[in-house]
Amino acid sequence: MAYVIYITAALLAAGIVFSIWMRKKISSRIDQLGLKKAELMNRPVTQSLSKLKELRLSGETEAHFNTWRETWDDIVTRQLPEIEDRLMEIEEFSDRYRFPRAFELCRQTEEELQLIEKQIDHLIAEVEELVDSEEQNRGDVEYMADEYEDTKKKMWVQKGALSTAGAQLESRLYQVYEQFAEFHERTREGDYFQASEILSGIRSELTFLNDAVDMVPGLFLRLRREIPAQLTQLQEGLEEMEQGGYPVHLFEMQEQIDTWREACREGESAVEELRLQEAAEKADAAEAALTSMYDTLEEEALARSRAESLAAEGAVLIEESRDSLEALRAEVETVKAGYQLREEEERNIQRFEERRRQLAADFAVLEDGMENSIQTYTTTKDQLEVWKADVEKLHADMAEVQDSFQHLRQGELHARDQLQEHRGSLRGLQKRLRRSSLPVVPDHVKEIIHRAEESVTAAEEELHQEPLAMEMVEKKSAEADQAVQYAGEAVEKTMQDAAAAEKVIQYGNRYRSSHDQVHILLLQAEDQFRHGKYGEALELAVQGVEKVEKDVLEKLTLGR
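Because the structure is predicted, anything quoted here is derived from the model rather than measured. (Residues numbered from 1 in each chain as written. Predicted model: local features only at pLDDT ≥ 70, side-chain atom pairs only at ≥ 80, totals over all residues. Heavy atoms only, no water.)

> Could you give an account of the overall build of the protein chain, naming the residues involved and the relevant values?
A count of helices and strands for the protein chain gives 16 helices and zero strands. For the protein chain, with 560 residues in total, the buried portion stands at 37%. Considering only intrachain contacts with a sequence separation of at least 6, the fraction spanning at least 24 residues in the protein chain is 78%. For the protein chain, the computed accessible surface area is about 32,600 Å², with 50% contributed by carbon and sulfur atoms. (Helix = DSSP H or I, 4+ residues; strand = E, 2+ residues; numbered from the N terminus. Buried < 20%, exposed > 50% of the residue type's maximum accessible area, 1.4 Å probe, protein only. Contact = heavy atoms within 4.5 Å. Areas by Shrake-Rupley, 256 points an atom, 1.4 Å probe, with all protein chains shown as cover.)

Here's what the structure looks like:
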């Protein structure tokens, strides 16, 4: 029972402590919100609005003033008092321990105060902007008036250069003058917002008019005189080039010249109507087109010289290709008498003839085009460059075939020299075997030498064929080369095995009397040696001696 009482008392005490803490926390929030409300109430809105009372207000400005005043009255007479009532309500909820509701109302009140603060900030900013704009207008209008006078003087000085655009400029300047009058009227009436808009329009218009006075004379000069004169000069140049034999009509420049003359007239009208950006774009486009056309004609003049040079060179190349082909055809017949040519090699001559014939036809077409002005020299020059490269490729291909014929003769001579050398090598091998102290030449060595002789003979017989089939000659020569090399290696190995076996047997004689196994193996080695089996003899001799002394072969080889 006492335990329950203690728990209950502890819970009550905790509840009381929690309630006190929560009430203090809410009370602190209420104080903060009250301070914020008082701060907003004391914002200098009334002072800002009082500044406007010194101004004469009307129109849009008066409407704004009434709106600002009504907004401030609403804040002071309704919104902030409602905030005060809610703070008292929050305190009541706290006293009744309805803490969640109290906190929720605190949050709502804080949000409303933030909205009220934004309203006040916006209101003060607009009022200050109006006051500042009124002051700014007084200073700006004096500067704009000076700008107006400067622009007017500049127009008078440039009146001749402005030509037919002068009337339009003067008309728009007079409209600026009328806008000044309207600005002053709006200012006197207190419609400062409208006055600011008018002054902004005056500023933009004076900037445009000043720029126009600077641009118009230059645009008229370009569109009335400079560009038309250049177009006329270009037209005269076209006529001279056409009389000189240039096919300039293919460029269709006369149509372009007419188009850009019309563009100049349109640009001139645009200047008169003060559509200066449009006029400048037309002038720039016309000048760019002129540059492009002049570049085209200059390229055509250079291309003519190059095309005529290529045409003269082409006539020589055609003749040279005919002579080269005839010489190649004659050489083919000569080569065929001594060598077998592949079908592909014989067809090359026919292909060369077809290519040369096509190139000759293409050259004739290009010459006709130059003589009859069928296409521009620029195009003809490019085509002749390609044509020349094709002819040079034909010459290179024919030269390559001629080189291949020379390789045939060189291949034949090389094969003959090589086979003669192989014969000498085989005779040298046989002579070496005869002079050696070998009791017997092994049968397999004889067979290898015999096969090598047969391979050499087969290659020699292939060389006696008429006409020669060089592919077969090269194949047989390669087989003979391999066979002779193999024979040399076999003889060398036989001689080395025999010498080594003899040396090991002689070395092992010292152990015959003291070691029966050594004696027996050496006897077997000697028997193999006498029958020409030198490799087996070496193996048995080494096996016998190594029963007494290890690595004997290495020692003997190294001279130990």
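> Tell me about the environment of R172, and please be specific about residues and values.
Turning to its location among the elements, R172 is positioned in helix α6 (residues 166-189). When the C-alpha positions of R172 and E205 are compared, they lie 8.2 Å apart, and in sequence the two are 33 residues distant. Other than its neighbours up to four places away in sequence, R172 contacts E205, F208, L209 and L274. Reaching out from R172, the side chain makes a polar contact with the side chain of E205 at a distance of 2.7 Å. (Polar contact = N/O pair within 3.5 Å; in protein donor to acceptor, adjacent residues only side chain to side chain.)

> How would you summarise the packing of helix α14 (residues 516-530) against helix α15 (residues 534-545) if you had to cite specific residues and measurements?
In a pair of packed helices, the angle between the axes and the distance between the axes together describe the arrangement. α15 packs onto α14 with a crossing angle of 170° between their chain directions and a minimal axis gap of 8 Å. On the basis of their axis angle, the class for α14 and α15 is roughly antiparallel. Between α14, through V518, L521, L522, Q524, A525, Q528 and F529, and α15, the contact on the second element is made entirely by Y534, E536, A537, L540, A541, Q543, G544 and V545. Partitioning the contact of α14 with α15 into residue classes produces 10 nonpolar, four polar and one charged. (Axes fitted to C-alpha atoms, helices over the stretch in contact; angles between N-to-C directions. Parallel < 35°, antiparallel > 145°, perpendicular 65-115°, else oblique. Nonpolar A, V, L, I, M, F, W, Y, C, P; charged D, E, K, R; others polar.)

> Which residues make up the packing of aromatic side chains, and what values go with them?
Scanning all chains against the criterion turns up five aromatic pairs. Between F529 and Y534, the ring centres sit 5.0 Å apart and the planes meet at 75°, which makes this aromatic pair edge-to-face. Judged by relative accessible area, Y534 falls into the buried class, the value being 3%. Directly above the ring of F220 sits R224, whose terminal nitrogen or CZ lies 3.8 Å from the centroid. Cation over ring: R304 sits above Y246, and NZ or CZ is 4.5 Å from the ring centre. (Phe/Tyr/Trp six-rings, centres within 6.5 Å; stacked < 30°, edge-to-face > 60°. Lys NZ or Arg CZ within 6 Å of the ring centre and 35° of its normal.)

> Break down unusual backbone geometry for me, citing the residues and quoting the values.
Phi is positive for L274, which is not a glycine, with a value near 65°. Examined against the element boundaries, L274 turns out to sit in the loop between α8 (253-272) and α9 (276-338).

> Describe the confidence of the model for the protein chain, and please don't skip the residues or the numbers.
Looking at the protein chain, the pLDDT average stands at 78 and 79% of residues meet or exceed 70. Across the protein chain, α8 holds the top mean pLDDT of 89, while helix α2 (residues 45-53) sits lowest at 57. (pLDDT = per-residue confidence, 0-100.)

> Which residues make up the nonpolar core, and what values go with them?
Residues L169, I202, V216, I227, V271, F352 and W387 are the most contacted members of the largest nonpolar core, which totals 69 residues. For this core, the leading source of residues is α9, giving 18 residues. The residues contacting I202, other than those within four sequence positions of it, are M144, V176, Q179 and F180. (Core = buried A, V, L, I, M, F, W, Y, C linked by side-chain atoms within 4.5 Å.)

> Provide a residue-level description of the pattern of salt bridges, including the pertinent values.
Applying the stated rule across the entire model yields 26 salt bridges. Here R224 makes a salt bridge to E268, at a shortest N to O gap of 2.8 Å. Of this pair, R224 sits in helix α7 (residues 192-243) while E268 sits in helix α8; the two residues are 44 residues apart in sequence, bridging distant segments of the chain. On the basis of relative accessibility, which here comes to 22%, the residue E268 falls in the partly exposed class. The salt bridge partner of E313 is K388, with a shortest N-O separation of 3.0 Å. Here K388 lies in helix α11 (residues 377-435) and E313 lies in helix α9, a separation of 75 residues in the sequence. Salt bridges sharing common partners tie together R222, D284 and E287. (Salt bridge = Lys/Arg side-chain N within 4 Å of Asp/Glu carboxyl O.)

> Go over α14 with me, naming the residues and quoting the values.
With 15 residues, α14 ought to run about 21 Å at 1.5 Å a step, and its terminal C-alpha atoms sit 21 Å apart, in line with that. All of the buried residues along α14 are V518, L521, L522, A525 and F529. Taken end-on, α14 shows its buried residues confined to a sector of 100°, consistent with a single buried face. One or two steps after α14, the chain reaches G532, where phi turns positive at roughly 85°. (Expected span 1.5 Å × (residues − 1). Arc of directions from axis to C-beta.)

> Please provide a residue-by-residue account of the side chain of T380, values included.
Residue placement: T380 occurs in helix α11. Setting aside its immediate chain neighbours within four residues, T380 contacts L366, M370 and Q375.

> I'd like to hear about the environment of L310, residue by residue, with values.
Residue placement: L310 occurs in helix α9. Looking at L310, the relative accessible area reads 3%, which means it is buried. Measuring from C-alpha to C-alpha, the distance between L310 and T380 comes to 9.8 Å, with 70 residues separating the pair along the chain. If sequence neighbours within four positions are ignored, L310 has contacts with K381, L384, E385 and K388.

> I'd like a description of a negative patch on the surface, backed by residues and values.
On the surface, a cluster of negative charge is made up of E142, D146, E149 and D150. Since its relative accessible area comes to 56%, E142 is described here as exposed. (Patch = residues over 30% accessible without salt bridge, like charges linked within 9 Å, V, L, I, M, F, W, Y side chains within 5 Å. Lys, Arg positive; Asp, Glu negative; His and termini not counted. Charge placed at Lys NZ, Arg CZ, Asp CG, Glu CD.)

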